[in-house]
Amino acid sequence: RIWRKCDRVHRRVPAQCGLVKVASRLKQATDRLLPVERALADDITVEELFARRAAGESIQVIDARPRFHFSRSADMIEGALYRDPDRVFEWSAALSADKPVVVYCAYGFNVGCAVAGVLRERGFPTARFLQGGLSAWLAIGGARTRPQAA
């Protein structure tokens, strides 16, 4: 009898917490992006990005977290620009092809890698995605900021 009660509660918890909805939204956000081969989107470690920025290198840093993820944590890497990953074809023209581009998402998996791959295909050969994403950057104590209110 206790086992049945626990089993019923366990089945209800994901639906109550909204985990199913969050997973569904993440899948929808990443499914819209083009599949990317590993060779198309190289990665960069947070330590390498930190060192290159500390040395004064001018790097275009793009926060490409899906909107629902961005709304949960508005922290950004200092100096980064937020760009909607679903609109990469619209905003990519505003980037400088002469400067390196580093794209990050929350954890450095599908979204950041896919956006960096699309940028490479669109003429940005130095576009790379950040390994571990924003969470890895914050874990090493990297500088962060919050977006300015519009």
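It should be emphasised that the depicted structure is a prediction, and the values quoted were computed from it without experimental measurement.

Novice: Is there a simple way to explain the overall build of the protein in this structure?
Specialist: Of regular secondary structure, the protein possesses seven helices and seven strands. The N-to-C order of helical and strand elements in the protein reads α-α-β-α-β-α-β-β-α-β-α-β-α-β. Split into buried and exposed, the 150 residues of the protein put 39% on the buried side. Intrachain contacts of the protein at a sequence separation of at least 6 include 74% that bridge at least 24 residues. For the protein, the exposed area adds up to about 9,300 Å²; of that, 55% sits on carbon and sulfur atoms.

Novice: What am I meant to see in the packing of aromatic side chains here?
Specialist: The geometry of an aromatic ring pair is captured by the separation of the ring centres together with the interplanar angle, meaning the angle of the planes. Enumeration according to the criterion identifies one aromatic pair in this entry. Relative to Trp-137, the ring of Phe-50 lies with its centre 5.9 Å away and its plane at 50°, an arrangement referred to as tilted. One end of the pair, Phe-50, is in helix α3 (residues 46–54); the other, Trp-137, is in helix α7 (residues 133–139), and 87 residues separate them in sequence. Its relative accessible area of 42% is what places Phe-50 among the partly exposed residues. The class of Trp-137 is buried, set by a relative accessible area of 2%.

Novice: How should the pattern of salt bridges be read in this particular structure?
Specialist: Note on pairing: side chains with opposite charge can pair once their charged atoms come close. Here the structure, examined in full by the defined rule, presents nine salt bridges. Notably, a salt bridge pairs Arg-67 with Asp-84, separated by 3.5 Å at the nearest N-O pair. Here the residue Arg-67 occupies a position in helix α4 (residues 67–72), and Asp-84 occupies one in the loop between β4 (81–82) and α5 (88–91), the gap between them amounting to 17 residues.

Novice: Help me understand the sheet that holds β4, please; the structure alone is not making it clear to me.
Specialist: Sheets are built from strands paired through backbone hydrogen bonds, the pairs being either parallel or antiparallel. Strand order in the open sheet formed by five strands is β1-β6-β5-β2-β4, with parallel pairing between adjacent strands. Only two strands of the sheet have a single partner each, and these edge strands are β1 (42–44) and β4. Across two bridges, the pairing between strand β2 (residues 60–63) and β4 is parallel. Looking at β4, one finds that Ile-62 is bridged to Leu-81.

Novice: Could you clarify how one ought to interpret the nonpolar core in this entry?
Specialist: When a protein is soluble and globular, its nonpolar side chains tend to lie buried together. Trp-91, Leu-95, Val-101, Val-103, Val-115 and Leu-119 are the most contacted members of the largest nonpolar core, which totals 17 residues. Those elements giving two or more residues to this core turn out to be α5, β5 (101–104) and α6 (110–121). The dominant element in this core, judged by the number of residues it contributes, is α6, at six residues. With sequence-adjacent residues up to four places away left out, Leu-95 is seen in contact with Gln-60, Ile-62, Val-101, Leu-119 and Phe-124. Among the nonpolar cores identified, the runner-up in size contains 15 residues, and Val-46, Leu-49, Ala-80 and Tyr-104 belong to it.

Novice: Sorry if this is basic, but what is going on with the side chain of Asp-43 here?
Specialist: Within the secondary structure layout, Asp-43 lies in strand β1. Asp-43 gets classed as buried once you look at its relative accessible area, which sits at 19%. Among the polar contacts made by the side chain of Asp-43, one reaches the side chain of Gln-131 at a distance of 2.6 Å.

So, how was this worked out
- Residues numbered from 1 in each chain as written.
- Predicted model: local features only at pLDDT ≥ 70, side-chain atom pairs only at ≥ 80, totals over all residues.
- Heavy atoms only, no water.
- Helix = DSSP H or I, 4+ residues; strand = E, 2+ residues; numbered from the N terminus.
- Buried < 20%, exposed > 50% of the residue type's maximum accessible area, 1.4 Å probe, protein only.
- Contact = heavy atoms within 4.5 Å.
- Areas by Shrake-Rupley, 256 points an atom, 1.4 Å probe, with all protein chains shown as cover.
- Phe/Tyr/Trp six-rings, centres within 6.5 Å; stacked < 30°, edge-to-face > 60°.
- Salt bridge = Lys/Arg side-chain N within 4 Å of Asp/Glu carboxyl O.
- Pairing = 2+ DSSP bridges.
- Core = buried A, V, L, I, M, F, W, Y, C linked by side-chain atoms within 4.5 Å.
- Polar contact = N/O pair within 3.5 Å; in protein donor to acceptor, adjacent residues only side chain to side chain.

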